[in-house]
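Commentary on secondary and tertiary structure
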Amino acid sequence: MLVAGFPAGSFATNCYIVAPAAGEECVIVDPGQDAEAGIDELLREHGLKPIAVVLTHGHIDHMWSVAPVCGARDVPAFIHPGDRELLTDPAKGLSLNVGQQLFGGVTFTEPDDVRELSDGTVLELAGLELTVDHAPGHTPGSVTFRLPETGQTPSVLFSGDLLFAGSIGRTDLPGGDHPTILRSLAEVCLPLPDETAVLPGHGPQTTIGRERAANPYLSDLAPSDGPNRGL
């Protein structure tokens, strides 16, 4: 499996490209601010053809470039319905003053083809099986995407802004809720095997085992079984 990524824009939001191998079809995860050039470079380098964009949530730093990326390549965008309104009005995910400062006269539109995600869905795209887990708390429509273990490659979790190396997503923006994000961490992250690679929305890669052992936000949480959590 091929996973490549880079921090996009002034927010340094991790944008990932995922494919079974070089020269294959691929999926783009979270194309943030000014992500088009980095995406094009990775596609050329690995000979990849994108067939979809998937969004972990609707905050502007994760979806800034979704419309131009989808439009240029005629591919759909996938997002949870809880965050879909942020595609056209990202200021709703921020305080009003912050939104005004960031966007000015910039307007945002949905891609032509938007498809909504639901909890437990398995997206079969580009020869991959991405399991969607609804993980609210950072935003109402936050999700994670899981890839199963294959051969010597451990399972992979694209955690968005749910779980970071040593931290978790903020809950002080509109739609955020701290007890809810703790519940999502217990239901979505903690049941996963320790060797699961965590590719977060910001910062370095980590593993579930490392976060289980050292992340202070997880120290008092116990795994909570839920539907469609197993790998």
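Up top is the structure.
Notes on the structure in this doc start here. (Residues numbered from 1 in each chain as written. Predicted model: local features only at pLDDT ≥ 70, side-chain atom pairs only at ≥ 80, totals over all residues. Heavy atoms only, no water.)

Considerations on the overall build of the protein chain
For clarity, the cut-off: Note on conventions: DSSP H or I runs of at least 4 residues are helices, E runs of at least 2 residues are strands, and numbering of each starts at the N terminus. Radius of gyration: C-alpha atoms only; globule rule: 2.2 Å multiplied by the number of residues to the exponent 0.38. With a 1.4 Å probe rolled over the protein chains alone, any residue whose accessible area is under 20% of its type maximum counts as buried; one over 50% counts as exposed, and the rest are partly exposed.
Per the secondary structure count, the protein chain includes six helices and 14 strands. The C-alpha radius of gyration computed for the protein chain amounts to 16 Å, which stays within 12% of the reference 17 Å derived for 231 residues, consistent with globular compactness. Across its three principal axes, the protein chain shows a C-alpha extent of roughly 45 × 45 × 25 Å. When each of the 231 residues of the protein chain is scored for burial, the buried share is 52%.

Focus: the packing of helix α1 (residues 36–46) against helix α3 (residues 66–73)
A pair of packed helices is captured by two measures, namely the crossing angle of their axes and the spacing between those axes. For clarity, the threshold we go by: The axes are straight lines fitted to the C-alpha atoms, using for helices just the contacting stretch, and the angles between their N-to-C directions are given from 0 to 180°. Note on terminology: angles under 35 degrees are roughly parallel, angles over 145 are roughly antiparallel, angles of 65 to 115 are roughly perpendicular, and the others are oblique. By the convention used here, residues are in contact when the closest approach between their heavy atoms is within 4.5 Å. Residue type decides the class: Asp, Glu, Lys and Arg count as charged, Ala, Val, Leu, Ile, Met, Phe, Trp, Tyr, Cys and Pro as nonpolar, and the leftover types, Gly among them, as polar.
Contact geometry for α1 and α3: axes closest at 10 Å, N-to-C directions at 40°. Relative to α3, α1 is oriented oblique. Residues Glu36, Ile39, Asp40 and Leu43 of α1 lie in contact with α3, whose contacting residues are Pro68, Val69 and Arg73. Residues of the contact of α1 with α3, tallied by class, amount to four nonpolar, no polar and three charged.

Here's the deal with the pattern of salt bridges
Let me state the cut-off plainly: Any Lys or Arg side-chain nitrogen located within 4 Å of an Asp or Glu carboxyl oxygen qualifies as a salt bridge.
Enumeration according to the criterion identifies eight salt bridges in this entry. The partner of Lys92 in a salt bridge is Glu85, and the shortest N-O contact between them spans 3.2 Å. Of the charged contacts, one joins Asp172 and Arg170 as a salt bridge, the two residues approaching to 2.7 Å between their closest N and O atoms. Residue Asp172 is classed as exposed on the basis of its relative accessible area, which comes to 55%. According to the relative accessible area criterion, Arg170 is partly exposed, its value standing at 45%.

A closer look at the sheet that holds strand β8 (residues 128–134)
What counts here: The pairing criterion is simple: DSSP has to find at least two bridges between the two strands.
The strand order across the open sheet built from six strands is β7-β8-β9-β10-β13-β14, with neighbouring strands paired in mixed fashion. Strands with a single pairing partner mark the edges of an open sheet, and in this sheet they are β7 (122–125) and β14 (206–207). In terms of strand pairing, β8 meets strand β9 (residues 143–147) through four bridges, oriented antiparallel. Bridge pairing in β9 places Thr131 opposite Arg146.

Examining the sheet that holds strand β4 (residues 49–54)
Overall, mixed pairing links the six strands, which are arranged β1-β2-β3-β4-β5-β6 in an open sheet. If you trace the sheet from one side to the other, it starts and ends with β1 (2–8) and β6 (114–116), each paired once. Shown here is a sheet whose adjacent strand axes are inclined to one another by a mean of 25°, direction ignored. As defined by bridge partners, strand β3 (residues 25–29) adjoins β4 across five bridges and the pair is classed as parallel. Bridge pairing links Val27 to Ala52 in β4. Across the face of the sheet, α1 comes into contact with β1, β2 (13–19), β3 and β4 while running at roughly 155° to β1. Across the face of the sheet, α3 comes into contact with β3, β4 and β5 (77–79) while running at roughly 145° to β4.

A few points about the pairing of β7
Where burial is concerned, the two faces of β7 differ: the one with Leu123 and Leu125 is buried and the one with Val122 and Glu124 is not. In terms of strand pairing, β7 meets β8 through four bridges, oriented antiparallel. Following the sheet pairing, Leu123 is matched in β8 by Leu130.

Here we look at empty space enclosed by the protein
Inclusion rule: Here a cavity denotes grid points, spaced 1 Å and computed from the protein atoms alone, that fit a 1.4 Å probe unable to get out, and a pocket denotes an open set having protein on both sides within 12 Å along at least 5 of 7 lines; residues with an atom within 4 Å of a point are the lining. Grid points are joined across faces, edges and corners, and a volume is the space filled by probe spheres set on the points.
The full count for this structure, using the stated rule, is two cavities of 30 Å³ or more. As a volume, the largest cavity reaches approximately 40 Å³. Contributing to the lining of the largest cavity are Asn14, Tyr16, Val29, Asp30, Thr56, Phe158, Ser159, Gly160, Leu199, Pro200 and Gly201. When residues in the lining of the largest cavity are grouped by element, the largest group, three residues, is from strand β10 (residues 156–160). Counted as a void, the second largest cavity has a volume near 30 Å³.

So, the packing of aromatic side chains
For the record, the criterion: Between 30 and 60 degrees the pair is tilted, below 30 it is stacked and above 60 it is edge-to-face, where a pair is any two Phe, Tyr or Trp rings, Trp via its six-membered ring, whose centres lie within 6.5 Å.
Using the criterion set out here, one finds two aromatic pairs in the structure. With centroids separated by 5.4 Å and ring planes inclined at 90°, the aromatic side chains of Trp64 and Phe108 adopt a geometry described as edge-to-face. Of this pair, Trp64 sits in the loop between α2 (60–63) and α3 while Phe108 sits in the loop between α4 (96–103) and β6, placing them 44 residues apart in sequence. Overall, Phe108 belongs to the buried group, its relative accessible area being 13%.

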